[in-house]
Amino acid sequence: MLACLCTVLWHLPAVPALNRTGDPGPGPSIQKTYDLTRYLEHQLRSLAGTYLNYLGPPFNEPDFNPPRLGAETLPRATVNLEVWRSLNDKLRLTQNYEAYSHLLCHLRGLNRQAAAAELRRSLAHFCTSLQGLLGSIAGVMAALGYPLPQPLPGTEPTWAPGPAHSDFLQKMDDFWLLKELQTWLWRSAKDFNRLKKKMQPPAAAVTLHLGTHGF
Amino acid sequence: MSPGGPSMVVSGQLYPRPDRPSSLTPDTAVISPQDPTLLIGSSLQATCSVHGDLQGPTAEGLYWTLNGRRLPPELSRMLNASTLALALANLNGSRQQSGDNLVCHAQDGSILAGSCLYVGLPPEKPFNISCWSKNMKDLTCRWTPGAHGETFLHTNYSLKYKLRWYGQDNTCEEYHTVGPHSCHIPKDLALFTPYEIWVEATNRLGSARSDVLTLDILDVVTTDPPPDVHVSRVGGLEDQLSVRWVSPPALKDFLFQAKYQIRYRVEDSVDWKVVDDVSNQTSCRLAGLKPGTVYFVQVRCNPFGIYGSKKAGIWSEWSHPTAASTPRSGEHPNMPSSGPVRRELKQFLGWLKKHAYCSNLSFRLYDQWRAWMQKSHKTRNQDEGILPSGRRSSARGPAR
């Protein structure tokens, strides 16, 4: 299974925290991040369709569910519902950031020389968009005053010459990468929607106050 | 990809649960050969070996699929308790360039192992290489892949070039610029020494090389179409239009005798008339046209004989169409219309129509003749007491 060198991602330039006085707060950038996840989800749908057709049947058949082998090292979007609900903001954002860093790394490592030029272009375009999402998440974290996750010494992902990987196993890895990306984008939309709701000013209290005045 | 979002309700899991337990580990089973490359029409013997202990899976009940389709059972047989064999004959070219998916399944349908089959043909010799240089700054080449094109395998094309008497091979890097089999060399091109250019095609089954094309950059120069093409009326002359353009600025510093071509057509026609042999000038008159008609005109340029090259260059694209209309008949009543003069005029016009080309000399003469005819006609009218009508503007009115 490929391990990935992605030091570049871990050293994104620090986004300065927004000036707190009179600024609209992190709301707009959370909204923007939410919108980006929806856009990426849309982009991925068409990219995945084309890519799976390139891999050929059975990979492009609906409900295809091969064994998950090397995909064990991919960050899992799957989480227990209660655990997900109870995540604090910092952890929620950190998990998203780390997940997309890893996924982007794997995507970039996809070496598909044989694919048509157009498919390669779509992949490159998607990677750029994903990089944009990472930047957006970093922006939200900075606005809320959270530090960007830094890799611990020793756990930093590095290139390791993987075991000789058969082409078929590689196809299965590609399949799971796309699947995991899709699941993460679904989950992120809900993550950012939740954050958005939390950040909204409590308007209800004001209305009640006016209401009682009328009596 | 399966539609619908992940379930967040059942057992609190976001992940769609697999229908079958995942039984595969890297040691469960292996197909041999792994990822073979084969010629179309050849046969394949494959085996699926299950690594099991006594309680583990055996070869009993295993089956094969190829590209998702179950293979007929008569093609398989059990070699021993843990090995299932497959015999395929007369293979067709691979369905996708990533390889055909040959999969060994357990009895319950789960995937035990897989292997990608690459079935195709070696590449044939690419041919028909043609190249052109835009303003001597770059070189773009196009070629045709070998006779059948479809090799069923990913075939990599590489355009190579080198200066004839200087040994180093170079490889072009910007592909697919003008179609799938093209490449663009953007810089560092030398003049005055010929280049040798060829295309190498490689795939898993072999490689092929085109014939070498030798060319001099100066012989394949093309340029931009002439800018600022203007088409205007020639006074009141109802069968002529004047075309003016500017020589392409990119080559203005280089000595060359440009050649131009003009083509024009009536608005609702698809037939172009071409005026050839327009040498080294930036204006031309079209004659023998229909009065009161809208014409579309285009001009293109050939940098002929650039830097002393003996060959014609390559024609540029046509300029954007410019439209203009000829004046209607009778817009200028000062035109002579009486009998014998009319006959003579008709003859002259007939001659002109046949020989409509850009020769300034003949037009000057014709214009002089017409101006003289008008003058004499006006004089005749005045003598007869007929004043010219309110539309006094002479035939040499402002060009539109």
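Every chain's residues receive numbers from 1 upward, in the order its sequence appears when written. To read the labels, note that chains go from A and ligands from 1, taken in the order they are written. Residues qualify for local features only when their pLDDT is at least 70, as the model is predicted, and side-chain atom pairs are given and counted only at 80 or more; totals for whole chains, interfaces and linings, by contrast, use all residues. Side-chain descriptors were evaluated using all non-hydrogen atoms of the structure, hydrogens and water having been removed beforehand.

*Asks:* What am I meant to see in unusual backbone geometry here?
*Replies:* With the exception of glycine, most residues fall at negative phi, and the peptide bonds are largely trans. Here the bond from P57 of chain A into P58 of chain A is cis, since omega is 5°, no more than 30 degrees from zero. Per the convention used, a helix needs a DSSP run of H or I reaching at least four residues, while a strand needs a run of E reaching at least two, with both numbered from the N terminus. Tracing the chain through its elements places P58 of chain A in the loop between α2 (27-55) and α3 (81-85). Its identity as a non-glycine residue notwithstanding, M136 of chain B has a phi of 65°, on the positive side. Its location among the elements puts M136 of chain B in the loop between β10 (127-134) and β11 (139-144). Partly exposed describes any residue whose relative accessible area lies between the buried limit of under 20% and the exposed limit of over 50%, with all areas from a 1.4 Å probe on protein chains only and scaled to the type maximum. Owing to a relative accessible area of 10%, M136 of chain B belongs among the buried residues under this scheme.

*Asks:* I'm lost on the packing of aromatic side chains in this one. Help?
*Replies:* The relative placement of two aromatic rings is captured by the distance of their centres and the angle of their planes. Aromatic rings from Phe, Tyr and Trp, with only the six-membered ring used for Trp, were paired whenever their centres fell within 6.5 Å, and each pair was classed as stacked if the ring planes differed by under 30 degrees, edge-to-face if by over 60, and tilted otherwise. One pass over the structure, following the stated rule, counts 11 aromatic pairs over all chains. Here the aromatic rings of W245 of chain B and Y260 of chain B are separated by 5.2 Å at their centres, their planes lie at 55°, and the arrangement is tilted. Placement of W245 of chain B in the loop between β21 (237-244) and β22 (259-266) and of Y260 of chain B in strand β22 is noted, with a sequence separation of 15 residues between them. For the pair shown, W245 of chain B and Y260 of chain B are each scored as buried. Put simply, the rings of F59, F64, F168, F175 and W176 of chain A touch in pairs and so form one group of aromatic residues. Throughout this description, the term charge over a ring refers to an Arg CZ or Lys NZ atom that lies within 6 Å of the ring centre and within 35 degrees of the ring normal. Between K259 of chain B and the ring centre of F304 of chain B, over which it is positioned, the NZ or CZ distance is 4.4 Å. The ring of W272 of chain B is capped by R265 of chain B, whose NZ or CZ atom sits 5.0 Å from the centre of that ring.

*Asks:* Looking at this structure, I do not really get the environment of H125 of chain A. What am I missing?
*Replies:* Residues and elements named next belong to chain A. Tracing the sequence through the fold places H125 in helix α5 (residues 117-143). When the C-alpha atoms of H125 and Q43 are compared, they prove to be 9.4 Å apart, with 82 residues separating the residues in sequence. Note on definitions: a residue-residue contact is assigned when non-hydrogen atoms from the two residues lie within 4.5 Å. Excluding residues that lie within four positions of it along the chain, H125 makes contacts with Y39 and Q43. In the analysis that follows, any N or O atom pair within 3.5 Å is treated as a polar contact, provided that within protein one partner can donate a hydrogen and the other can accept it, and provided that, for residues neighboring in sequence, both atoms belong to side chains. In terms of polar contacts, H125 uses its side chain to reach the side chain of Q43, at 3.0 Å.

*Asks:* Any chance you could explain the sheet that holds strand β2 (residues 37-39) of chain B here in plain terms?
*Replies:* Pairing in this open sheet of five strands is mixed, and the strands run β2-β9-β8-β4-β5 (chain B) from one edge to the other. The outermost strands of the open sheet, each flanked by one partner alone, are β2 and β5 (69-70) of chain B. Together, β8 (100-105) and β9 (111-120) of chain B form the strand contacts of helix α6 (residues 167-199) of chain A, whose direction differs from that of β9 of chain B by roughly 110°. Note: two strands are recorded as paired if DSSP finds a minimum of 2 bridges between them. Lines fitted to the C-alpha atoms define the axes, with helices restricted to the stretch that makes contact. Angles between their N-to-C directions range from 0 to 180 degrees.

*Asks:* Please clarify how the confidence of the model for chain A should be interpreted in this entry.
*Replies:* Should the pLDDT be low somewhere, the predicted coordinates at that spot are not to be read in detail. Residue and element names in this part refer to chain A. Confidence in the prediction for chain A averages 80 pLDDT; 74% of positions are at 70 or higher. Within the model, pLDDT remains below 50 along residues 154-162, and this stretch shows 15 contacts once partners closer than five positions in the same chain are excluded. A residue's pLDDT is the confidence the predictor assigns to it, expressed on a 0 to 100 scale. Residue range residues 205-215 is modelled with pLDDT below 50. Its contacts to residues more than four positions away, or to other chains, number zero contacts.

*Asks:* Quick question: what am I supposed to make of the environment of K179 of chain A here?
*Replies:* Among the secondary structure elements, K179 of chain A is positioned in helix α6. Taking relative accessible area as the criterion, K179 of chain A reaches 11% and is therefore assigned buried.

*Asks:* Teacher, can you tell me more about the nonpolar core here?
*Replies:* As a rule of thumb, nonpolar side chains are buried together in soluble globular proteins. Counting 55 residues, the largest nonpolar core has Y100, L107, F126 and L130 of chain A as the members making the most contacts within it. Where this core is concerned, the elements lending two or more residues are α2, α4 (89-109), α5 and α6 of chain A together with β9 of chain B. Broken down by element, the residue count for this core peaks at 12 residues, all from α6 of chain A. In contact with L130 of chain A, not counting residues within four places along its chain, are L40, Y100, L104, L107 and L181 of chain A. In terms of nonpolar packing, the next biggest core, distinct from the first, is built from 22 residues, C48, L91, C104 and V119 of chain B among them. To qualify as a nonpolar core, a set must consist of buried Ala, Val, Leu, Ile, Met, Phe, Trp, Tyr and Cys residues joined through side-chain atoms within 4.5 Å.

*Asks:* Is there a simple way to explain the packing of α2 of chain A against α6 of chain A in this structure?
*Replies:* How two helices pack is summed up by the angle between their axes together with the distance between the axes. All names here are of chain A. At a minimum axis distance of 9 Å, the contact between α2 and α6 shows a crossing angle of 165°. The angle between α2 and α6 places the two elements in the roughly antiparallel class. Crossing angle aside, the handedness with which α2 passes α6 is left-handed. Note on residue classes: Ala, Val, Leu, Ile, Met, Phe, Trp, Tyr, Cys and Pro are nonpolar, Asp, Glu, Lys and Arg are charged, and everything else, Gly too, is polar. By residue class, the composition of the contact of α2 with α6 is 17 nonpolar, six polar and five charged. Relative orientations are named as follows: roughly parallel for angles under 35 degrees, roughly antiparallel for angles over 145 degrees, roughly perpendicular for angles from 65 to 115 degrees, and oblique for any other angle. Note on convention: near helix rotated counterclockwise from far helix by under a right angle means a left-handed crossing. Clockwise means right-handed.

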